[in-house]
Amino acid sequence: MAAPALVHSIFGASGAHRWVPCPGSIQAIQRFYKEHPDHNPENLAADEGTLAHELSDVLINNPTWPLEDVNADWVIDIVKESHVWKPEFEFQFDFLDMLDICLRYRDYAQALAEDALESGDDIVVYSETQVAMPRIHDNSFGTNDYAVVNLTKRHVDILDLKYGRGVFVDVNENMQVLSYAEGIRNQIKQDHGVNIETYRGHIYQPRHNDGENIASWEFDKKRVNKFITIAADAAAKAELPDPPLNPGDKQCSFCEAKGDCKALAAQMTERLQAEFPDIDESVASYSANVEGMSDEELSVWLDRAKPIIDWMEAIKKTAYARATNGRPIPNFKLAVGRNSYRGDAEALEFMLGDDAFEEPKLKSQSSLRKAVGSKKFTELYADYYETIEGKPTLVPATSNAQEWVPEQAFKDALDEMDEADL
Ligand code: SF4
């Protein structure tokens, strides 16, 4: 079992995508936590990811496990050692699915080591290892998921497991990978006296909403050195009394200070002002009749909506947190919530019998998968569920998601009807 990182590095690898471009975010976040000491957002996805990392580490360190067919309890026994474990997770996550993904991740990781071993090279493998990056800052470190160091070829493969679905993680120019590259370079120099020349970073993100994201990026020591210069400069700036803030979609997206950051507010206003003249032009040509907007006109609005909506949502969240912490927001107040009611099931059953209850409802496929385990579900019950196509969603044309074409869906439905007639 990997040891939990006992001390969190504010100049850590996992936050490099934020604090390197925006050094001021470190003090902004510290200020935010000082003002909101109780802020502890429930992050189920992050906890699930931590459990998957713990499981992967155990599987990598025990390459023959599991020795036989196992159920979800086997996985739970392993992951409940994690510092994030809560008993309710037992019913919230699909542990057999987690096992399946972590086994595939282990295959991918082992293949990297086997490739190096087959050529007879001298290799070192690291799993869930904390590495330090003192060239960036004395307090810069992070926990690397997996790395295969080929001492003979002076090459490192760095693997990062991403269990999340929502945010696509690009391997190219990935600052977390570059940070680990520096950490492992440093470790190898200390332990083996070898200077690493070349690197390959891998992102293993099998569950991304738009489809599997498993990709790699090759770079050399010059690229690492360039990153270190930039990151060390950012770390030094972060400690200035008035550190620079530099808003941008990537660094701001998960920044805790997003909801009251003045730099982001100024940038959003500038963006709105810069973008709205274009919109003004198209709006000026709108004719005041009952015809709705054209497709192109809708696209103009849609294109600008997401960053604005995300920013506004963050502002609403921060204002709510302040108000509920006893810090009233001028012109707003907290209103009493809508009541809900919890019945005394035993008393109501005694008085009303079956009338007190709703008809039993069939569990969804994912709830049943969680209850009986994914593998058992697939073997025994999957055939009793028919596939009902999901509602298509509107996403930017650049998304990796498979396109839903209305004519194709109509043709597929006709083909199915023909087959049924045969
Ligand atoms: S919201 Fe953006 S600009 Fe503001 S501190 Fe965070 S990363 Fe920096």
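If you're wondering where the values come from, they're calculated on a predicted model, not measured in any experiment. Sequence positions are assigned chain by chain, starting from 1 and proceeding in written order. Totals for whole chains, interfaces and linings use every residue, but because this is a predicted model, local features are given only for residues with pLDDT of at least 70 and side-chain atom pairs only at 80 or more, for both listing and counting.

1. Some details on helix 7 (residues 175–192)
Logical step 1: In this model helix 7 runs 25 Å from its N-terminal to its C-terminal C-alpha over 18 residues, within 8% of the 26 Å that 1.5 Å per residue would give.
Logical step 2: With C-beta atoms placed from the backbone, a residue counts as buried when 20 or more other C-beta atoms lie within 10 Å of its own, as exposed when 12 or fewer do, and as partly exposed for counts between those limits. In this text, helices come from DSSP runs of H or I with a minimum length of four residues, and strands from runs of E with a minimum of two, each type numbered from the N-terminal end. Of all 18 residues making up helix 7, 13 are buried, and the element is well covered by its neighbours.
Logical step 3: Where helix 7 terminates, the next one or two residues include G193, which has phi positive at roughly 65 degrees. Multiply 1.5 Å by the residue count of a helix minus one, and that product is the helix's expected span.

2. Observations regarding the environment of A257
Logical step 1: Summarising the element assignment, A257 is placed in the loop between helix 9 (249–252) and helix 10 (262–284).
Logical step 2: Taking the C-alpha atoms as reference points, A257 and S25, separated by 232 residues in sequence, lie 7.3 Å from one another.

3. Focus: the pairing of strand 4 (residues 198–205)
Logical step 1: Counting buried positions over the 8 residues of strand 4 gives 6, a clear majority of the element.
Logical step 2: Crossovers are marked right-handed if the path from the first strand over the helix to the second runs clockwise, as seen with the strands pointing away from the viewer. In the classification by handedness, the crossover that spans strand 3 (residues 155–161), the intervening helix 7 and the parallel strand 4 is right-handed.
Logical step 3: Two strands form a pair only when DSSP identifies at least two bridges running between them. The pairing of strand 4 with strand 5 (residues 213–220) spans 8 bridges and is antiparallel. Looking at strand 5, one finds that Y199 is bridged to F219.

4. What about helix 4 (residues 72–79)?
Logical step 1: Those residues of helix 4 not exposed but buried are A72, V75, I78 and V79. Burial along helix 4 is one-sided: seen end-on, the buried residues are contained in an arc of 120 degrees. Turned more than 90 degrees away from the buried face of helix 4, the exposed residues are D73 and D77.
Logical step 2: In this structure, the buried side of helix 4 is in contact with helix 3 (44–61) and helix 6 (95–118). Taking the helix axis as origin, the arc is that swept by the directions to the C-beta atoms. Residue pairs are scored as contacts if the distance between their C-beta atoms, which are placed from the backbone, is within 7 Å.

5. As for the packing of helix 3 against helix 6
Logical step 1: Between N-to-C directions, angles cover 0 to 180 degrees, with each direction set by a line fitted to C-alpha atoms, over the stretch in contact for helices. Closest axis-to-axis distance for the helix 3/helix 6 pair is 9 Å, and the angle between their directions is 50 degrees. It follows from the interaxial angle that helix 3 and helix 6 lie oblique. In this structure, the crossing between helix 3 and helix 6 has a hand that is right-handed. The residues of helix 6 that touch helix 3, namely those facing L51, A52, L55, S56, L59 and I60, are M98, L99, I101, C102, L103, Y105, R106 and A109.
Logical step 2: Across the contact of helix 3 with helix 6, the residue classes tally to 12 nonpolar, 1 polar and 1 charged. Geometric relationships in this document are graded by angle, where less than 35 degrees denotes roughly parallel, more than 145 denotes roughly antiparallel, 65 to 115 denotes roughly perpendicular, and other angles denote oblique. By convention the crossing between two helices is left-handed if the near helix lies anticlockwise of the far one by an angle smaller than a right angle, and right-handed if it lies clockwise. Asp, Glu, Lys and Arg are counted as charged, while Ala, Val, Leu, Ile, Met, Phe, Trp, Tyr, Cys and Pro are counted as nonpolar; the rest, among them Gly, fall into the polar class.

6. Here we look at the environment of E313
Logical step 1: Structurally, E313 can be placed in helix 11 (residues 295–324).
Logical step 2: A sequence separation of 18 residues divides E313 from D295, and the C-alpha atoms of the two residues are 26 Å apart.

7. Digging into the pairing of strand 2 (residues 141–150)
Logical step 1: Counting buried positions along strand 2 gives 10 out of 10 residues, so the element sits mostly inside the fold.
Logical step 2: Sheet analysis places strand 1 (residues 123–132) next to strand 2, joined by 9 bridges and oriented antiparallel. Across the sheet, the residue bridging to T129 is N144, located in strand 2.
Logical step 3: Two strands pair when backbone bridges link them, and strand 2 and strand 3 are joined in this way by 5 bridges, in the antiparallel orientation. Looking at strand 3, one finds that N150 is bridged to H155.

8. Here we look at the sheet that holds strand 2
Logical step 1: With respect to topology, 5 strands assemble into an open sheet ordered 1-2-3-4-5, the strand pairing being mixed. Edge positions in the sheet fall to strand 1 and strand 5, since each of these pairs with one other strand and no more. Sheet twist, expressed as the mean angle between neighbouring strand axes with direction ignored, is 20 degrees.
Logical step 2: Sheet strands in contact with helix 6 are strand 1, strand 2, strand 3 and strand 4, and its direction is about 45 degrees off that of strand 2.
Logical step 3: Here helix 7 sits on the sheet in contact with strand 1, strand 2, strand 3 and strand 4, set at roughly 65 degrees to strand 2.

9. A word on the confidence of the model for the chain
Logical step 1: When the pLDDT values of the chain are averaged, the result is 86; 91% of them are 70 or greater.
Logical step 2: What pLDDT reports is the predictor's confidence in each residue, on a scale of 0 through 100. Long-range and interchain partners of residues 1–6, a stretch whose pLDDT sits below 50, account for 10 contacts in this model, where long-range means more than four residues apart.

10. A look at the nonpolar core
Logical step 1: Core analysis: the biggest nonpolar cluster contains 69 residues, and L55, V75, M98, A147, I158, A181 and I184 have the highest contact counts within it.
Logical step 2: Examining the composition of this core, we find that 9 residues originate from one element, helix 6, more than from any other.
Logical step 3: Contact partners of I158, with chain neighbours within four places excluded, come to N144, A147, V177, Y180, A181, I184, Y199, G201 and H202. We define a nonpolar core as a collection of buried residues of the types Ala, Val, Leu, Ile, Met, Phe, Trp, Tyr and Cys that are connected via C-beta atoms lying within 7 Å of each other.

11. As for the site of the ligand
Logical step 1: The ligand sits among 15 residues. The nearest are C22, P247, C252, C255 and C261.
Logical step 2: Elements with a contribution of two residues or more to the shell around the ligand: helix 2 (25–35), helix 9 and helix 10.
Logical step 3: Of the residues in the shell around the ligand, the class split is 10 nonpolar, 3 polar and 2 charged.
Logical step 4: When we break the shell around the ligand down by domain, the ones giving at least three residues each are domain 1 (16–246) and domain 2 (261–324). Throughout this description, a residue near a molecule or strand is one whose C-beta atom, derived from the backbone, lies within 6 Å of it. Domain start and stop points were drawn from an automatic or database domain assignment.

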